[in-house]
Amino acid sequence: VLQEIAGRAIELCRAEWGYIFLRDGDVFRFAGGHGGTAEQFEYETEHPSPISRGTIVGRVALAGSAVQIRDVRDDAEYTWPGEQVGSFRTLLGVPVHGDAGLIGVLAMARNEVAEFSDEEIDVVSLFADQVAVAIQLARLVAEEHEAVVREAAVRDVLQQIARSALDLDEMLQVVIDRAVELCHADIGNIARRDGEVFRVAAFT
């Protein structure tokens, strides 16, 4: 979905590429986009953008509004090495706002020095709103899926307990198996107290 949104944005605004970055604590991580090169995708994926004036993403985060850099090569504050990979010149960054404030940035680029017009900035801002909607929908779908998985696991445990009412070891094994699965863990165990020590009763 993010790739489709970015693709439509660069088509309408005559940009070379459009990338979407989502906030993760004190940095913004590349989440997807359209255009550019495989090297750019790899570089952006491996190098989160800090909140500083050295990047277009950081400037948007600091300003809380759309920011444009006419020519990254003439901007003394712009220090992001990604320019050396992508060879872009003009950048536009638009904030993506969610319920918790700024959650991301939609960045657009042109390989030649050519500023984005006010109308084009408005268009990119509309696409940034669509990014926010897509992210919220994805979270709702994920939460709904997790709820369904949890309910199914609980039913499975109850059914296993009903079938194994006299076999405590088997019941405990079913419980720890489902717990590890639901929590996306690698290892899990149930320990029962035996006097002054605890002994493992079930292990996954």
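Structure: see above.
Residues numbered from 1 in each chain as written. Predicted model: local features only at pLDDT ≥ 70, side-chain atom pairs only at ≥ 80, totals over all residues. Heavy atoms only, no water.

S.K.: Even after reading the chapter, I still don't get the nonpolar core, so can you show me in this structure?
M.R.: Taken as a class, soluble globular proteins show a tendency for nonpolar side chains to be buried jointly. Judged by nonpolar contacts, the single largest core of 23 residues is most densely connected at L92, V96, L106, M108, F116, V124 and V131. Ranked by the residues each element gives to this core, the list is headed by helix α5 (residues 118-163), at 8 residues. For M108, the contacting residues outside a window of four places in its chain are A9, I10, C13, A15, W17, G18, T90, L91, L92, F116 and V124. Counting residues in each nonpolar core, the second largest holds 21 residues, with F28, I56, A61 and V105 among its members. (Core = buried A, V, L, I, M, F, W, Y, C linked by side-chain atoms within 4.5 Å. Buried < 20%, exposed > 50% of the residue type's maximum accessible area, 1.4 Å probe, protein only. Helix = DSSP H or I, 4+ residues; strand = E, 2+ residues; numbered from the N terminus. Contact = heavy atoms within 4.5 Å.)

S.K.: Looking at this structure, I do not really get the environment of R110. What am I missing?
M.R.: Along the polypeptide, R110 turns up in strand β6 (residues 101-110). When near neighbours in sequence (up to four residues on either side) are disregarded, R110 contacts C13, R14, A15, E16, F88, R89, T90, E115, F116 and E120.

S.K.: Could you clarify how one ought to interpret helix α2 (residues 38-46) in this entry?
M.R.: Count 3.6 residues to each turn of an α-helix, and residues three or four apart come out pointing the same way. By the burial criterion, the buried members of α2 are Q40, Y43 and E44. Along α2, the residues classed as buried sweep out an arc of 95° about the axis, all on the same side. The exposed residues of α2 that point more than 90 degrees off its buried face are A38, T45 and E46. (Arc of directions from axis to C-beta.)

S.K.: Looking at this model, I keep getting lost on the sheet that holds β6. Mind explaining?
M.R.: Sheet architecture is open: 6 strands sit in the order β3-β2-β1-β6-β5-β4, paired in antiparallel fashion. The open sheet has two edge strands, β3 (49-50) and β4 (67-69), and neither has a second partner. Set on the sheet, helix α1 (residues 2-13) makes contact with β1 (17-24), β2 (27-35) and β6; between it and β2 the angle comes to about 65°. Against the sheet, α2 engages β1 and β2, with an angle of about 165° to β2. (Pairing = 2+ DSSP bridges. Axes fitted to C-alpha atoms, helices over the stretch in contact; angles between N-to-C directions.)

S.K.: Whenever I open this one, the environment of L182 confuses me. Can you help?
M.R.: Along the chain, L182 falls in helix α6 (residues 168-182). In sequence terms L182 and E44 are 138 residues apart; their C-alpha atoms lie 32 Å from each other. Among residues more than four places away in sequence, those in contact with L182 are V149, R150 and A153.

S.K.: I would appreciate a short explanation of helix α3 (residues 56-63) in the present structure.
M.R.: In terms of burial, α3 is a largely internal element, 6 of the 8 residues being buried. Regarding α3, the residues found buried are I56, V57, G58, R59, V60 and A61. G64 sits one or two residues past α3 and shows a positive phi near 75°.

S.K.: Help me understand the pattern of salt bridges, please; the structure alone is not making it clear to me.
M.R.: A side chain of one charge can pair with a side chain of the opposite charge if their charged atoms are brought near each other. The full count for this structure, using the stated rule, is 9 salt bridges. With a closest N to O distance of 2.8 Å, R14 and E120 form a salt bridge. Taken together, the residues span a long stretch of sequence, with R14 in the loop between α1 and β1 and E120 in helix α5 at a distance of 106 residues. Here R14 falls in the exposed class, since its relative accessible area comes to 57%. A relative accessible area of 9% places E120 in the buried class. (Salt bridge = Lys/Arg side-chain N within 4 Å of Asp/Glu carboxyl O.)

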